[in-house]
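In case you want the letters, here they are:
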There are 2 protein chains.
Amino acid sequence: MGSNENNAVQWVEDVDVAAALIYFIYRSVQRHLARELAEYNIGWGHFAILMALYEREGVSQESLARSRGFDKTMIAKSLLTLEKEGLVYRKNDREDRRVKRLFLTEKGKRIKPGLDRIGSELNASLMGEMSPREASAAMGLIRTIAVNAARLP
Amino acid sequence: MGSNENNAVQWVEDVDVAAALIYFIYRSVQRHLARELAEYNIGWGHFAILMALYEREGVSQESLARSRGFDKTMIAKSLLTLEKEGLVYRKNDREDRRVKRLFLTEKGKRIKPGLDRIGSELNASLMGEMSPREASAAMGLIRTIAVNAARLP
């Protein structure tokens, strides 16, 4: 890794385009999570859906897509994998049978501590040596960029 | 868009995990660039490679991969598309024929102003109403996260 890492760090220091850095961070995290999540046979997208369900089980597929900016095709495809792995199941809403609600299986619930650990270790690694104050400023600014990104045409 | 956007903005305000925001920004920019770059038949990865070549033509495939943290398979695949679109060509290095260097075709050079415009409009949209001082602080913190991401196992 050593020299590759130094080259990339050199490049990062010189970039002044937010999207290029976001792309770089995305690919680095993607590679890291591919390895960390391999034992669960899932990737980052599935991980994101599971984390959303740990927070709010029973959410509808449509509302999950809407609230997180996931596109519908991506969600539908990811859910097939999550069902195949026996982590999630879909159930029609009692009142409106066109609405599909998402639930965690026992296995889906059982892997929560492992996924939580991966998530919090990743977050700690990304924030690194930042002081709590810097970390909170960083999150505020990244949130602003995320809100702006949500408004892109 | 309206209500989807509000839902996503609501979610963004509540997130305190950097990777989740990076994922969200990545997907929003990805969707935006897919549309903006459609007329060139390229996507974000190709765009990133072209921008790198506008900065430094003649770079080797290996050094491009190393310096930007692109993985080699992704670069190789993207270069096939860029060659097929007649935007880039590869040439063996004169001194070390195992090294392939990357160059822009006339067409590749011709589309630079269009791509530059897409890139700078995107950057302006992402930074939004930030003051120059906030924007520079934001870039500094995102750079720190990018350096930390480069060091992820």
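Details of the structure are given in the entry above.
Residues numbered from 1 in each chain as written. Chains lettered and ligands numbered in written order. Predicted model: local features only at pLDDT ≥ 70, side-chain atom pairs only at ≥ 80, totals over all residues.

(A) View of the overall build of chain A. Of regular secondary structure, chain A possesses 8 helices and 2 strands. Its helices and strands in sequence order give chain A the pattern α-α-α-α-α-β-β-α-α-α, from N to C terminus. Across the 153 residues in chain A, those meeting the buried criterion constitute 33%. (Helix = DSSP H or I, 4+ residues; strand = E, 2+ residues; numbered from the N terminus. Buried ≥ 20, exposed ≤ 12 C-beta atoms within 10 Å, placed from the backbone.)

(B) Focus on the packing of helix α2 (residues 18-36) of chain A against helix α8 (residues 132-150) of chain B. Relative orientation of the contacting elements α2 of chain A and α8 of chain B amounts to 25 degrees, with a least axis distance of 9 Å. Relative to α8 of chain B, α2 of chain A is oriented roughly parallel. As α2 of chain A runs across α8 of chain B, the sense of the crossing is left-handed. Seen from α2 of chain A, the contacting residues are Ala18, Leu21, Phe24, Ile25, Ser28 and Val29 of chain A; seen from α8 of chain B, they are Met139, Ile142, Arg143, Ile145, Ala146, Ala149 and Ala150 of chain B. (Axes fitted to C-alpha atoms, helices over the stretch in contact; angles between N-to-C directions. Parallel < 35°, antiparallel > 145°, perpendicular 65-115°, else oblique. Left-handed = near helix turned anticlockwise from the far one by under 90°. Contact = placed C-beta atoms within 7 Å.)

(C) A look at the nonpolar core. Ile22, Ile25 and Ala146 of chain A together with Ile22, Ile25 and Ala146 of chain B are the most contacted members of the largest nonpolar core, which has 80 residues in total. Looking at which domains feed residues into this core, each of domain 1 (1-36) and domain 2 (42-150) of chain B supplies at least three. Those residues in contact with Ile25 of chain A that lie beyond four places of it in its chain are Ile22, Ile145, Ala146 and Ala149 of chain B. (Core = buried A, V, L, I, M, F, W, Y, C linked by C-beta atoms within 7 Å. Domains from an automatic or database assignment.)

(D) Looking closely at the packing of helix α8 (residues 132-150) of chain A against α8 of chain B. Between α8 of chain A and α8 of chain B, the least distance of the axes is 9 Å, while the angle of their chain directions is 110 degrees. Taken as axis vectors, α8 of chain A and α8 of chain B run roughly perpendicular relative to one another. Between α8 of chain A and α8 of chain B, the contacting residues are Glu134, Ala137, Ala138, Leu141, Ile142 and Ile145 of chain A on the first element and Glu134, Ala137, Ala138, Leu141, Ile142 and Ile145 of chain B on the second. Considering only residue class, the contact of α8 of chain A with α8 of chain B consists of 10 nonpolar, no polar and 2 charged. (Nonpolar A, V, L, I, M, F, W, Y, C, P; charged D, E, K, R; others polar.)

(E) Summary view of the interface of chain B and chain A. Listed per partner, the contact involves 54 residues of chain B and 54 residues of chain A. Within the residue set of the side of chain B that touches chain A, elements represented by two or more residues are α1 (2-14), α2 (18-36), α3 (44-55), α4 (61-68), α7 (112-127) and α8 of chain B. The element that contributes the greatest number of residues to the side of chain B that touches chain A is α8 of chain B, accounting for 14 residues. Considering only residue class, the side of chain B that touches chain A consists of 33 nonpolar, 12 polar and 9 charged.

(F) Seen up close, helix α3 (residues 44-55) of chain A. The end-to-end C-alpha distance of α3 of chain A, which contains 12 residues, comes to 17 Å, matching closely the 16 Å that a straight helix rising 1.5 Å per residue would cover. Among all positions in α3 of chain A, only Trp44, His46, Phe47, Ala48, Ile49, Leu50 and Leu53 of chain A are buried. (Expected span 1.5 Å × (residues − 1).)

(G) View of the relation of the copies chain B and chain A. Screw-axis analysis of chain B against chain A gives a translation of 0.0 Å along the axis, an RMSD of 0.0 Å, and a rotation angle of 180 degrees. On this basis, the relationship between the two copies can be described by a two-fold rotation axis. Here 100% of the interface residues in chain B have copies in chain A that are interface residues too; the copies meet face to matching face. (Least-squares fit on C-alpha atoms with pLDDT ≥ 70 in both.)

(H) Examining the environment of Ala76 of chain A more closely. With respect to the helices and strands, Ala76 of chain A occurs in helix α5 (residues 72-84). Once the C-alpha coordinates of Ala76 of chain A and Glu62 of chain A are considered, the two residues, 14 residues apart in sequence, prove to be 10.0 Å apart.

(I) Here's a closer look at the environment of Ala19 of chain B. Tracing the backbone through its elements, the reader meets Ala19 of chain B in helix α2. Measuring from C-alpha to C-alpha, the distance between Ala19 of chain B and Ile145 of chain B comes to 9.9 Å, with 126 residues separating the pair along the chain. The residues contacting Ala19 of chain B, other than those within four sequence positions of it, are Val29, Leu122, Asn123 and Leu126 of chain A.

(J) Focus on the environment of Pro153 of chain B. Along the chain, Pro153 of chain B falls in the segment after α8. The sequence separation of Pro153 of chain B and Ala34 of chain B amounts to 119 residues, and the corresponding C-alpha distance is 30 Å.

(K) Structural detail: unusual backbone geometry. Residue and element names in this part refer to chain A. Phi at Asn41 is positive, roughly 60 degrees, even though this residue is not glycine. With respect to the secondary-structure elements, Asn41 resides in the loop between α2 and α3. Note on Asn41: 12 C-beta atoms within 10 Å, which makes it exposed.

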